[in-house]
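# Notes for the structure review
Chain by chain, the residues:
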Amino acid sequence: MAELKLPVSEEAIRELKVGDFVELTGRMITGRDAAHKWLMQEFRDDVAPFMKGTVIYHCGPVVSGVETGDYGFVAAGPTKSIREEPYQAEVLEHFNIKGVIGKGGMGPSTLAACKKVPAVYLHAIGGAGTLIARAVVQVKTVFKLDFGVPEALWVIEVKDFPAVVTMDAKGNSLHAD
């Protein structure tokens, strides 16, 4: 199992290949449909420092403590990634994101961006939201909470977050195969 420290280097990303199991430790950001659209339309520079060299997780978390600001992830299962295909390549390139986590894979535009940036697509286990939430050790901050908890961009610190590489920076895709 490869251990990746986030933010991650280009060299570490280029070494990964389809089928590799990884554990991620460090800072990542969640984002779904509304977040990707917002990032594309506004290319927010205030968000950029949190994204460079890290991964974006396609996740609509269940979060406790929203009323008090004492946030904790209760469930953090992956959501279907293909919905982000219209946005993902440009978001990867603009923010220098090194990976995407979700379920179900992505299309040719994202795969091409993975080669260019470089980046990888990581598959997380669907149906294991409460188990995955245990890997979230801290919520650093949140952007666009007005989108609602699942659609907001959550900047989180994770430890030993499990995933498998299903699209690599060499252009290989288990989903295409």
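Throughout what follows, the structure given in this document is the object of discussion. (Residues numbered from 1 in each chain as written. Predicted model: local features only at pLDDT ≥ 70, side-chain atom pairs only at ≥ 80, totals over all residues. Heavy atoms only, no water.)

### Topic: the pattern of salt bridges
In this structure the tally under the stated criterion is nine salt bridges. Residue K159 pairs with D160 through a salt bridge whose shortest N-O separation is 3.3 Å. The exposure class of K159 is partly exposed, given its relative accessible area of 47%. Looking at D160, the relative accessible area reads 34%, which means it is partly exposed. (Salt bridge = Lys/Arg side-chain N within 4 Å of Asp/Glu carboxyl O. Buried < 20%, exposed > 50% of the residue type's maximum accessible area, 1.4 Å probe, protein only.)

### A look at the pairing of strand 6 (residues 99-102)
Residues G99 and I101 point to one face of strand 6 and V100 and G102 to the other, with burial holding for every one of them. Here three bridges tie strand 3 (residues 55-57) to strand 6, and the two strands are oriented parallel to one another. Looking at the pairing, Y57 lines up with I101 of strand 6. One crossover worth recording links strand 6 to the parallel strand 7 (residues 120-123) by way of helix 5 (residues 108-116), and it is right-handed. (Helix = DSSP H or I, 4+ residues; strand = E, 2+ residues; numbered from the N terminus. Pairing = 2+ DSSP bridges. Right-handed = clockwise from strand over helix to strand, strands pointing away.)

The analysis is restricted to geometry; functional conclusions fall outside its scope.
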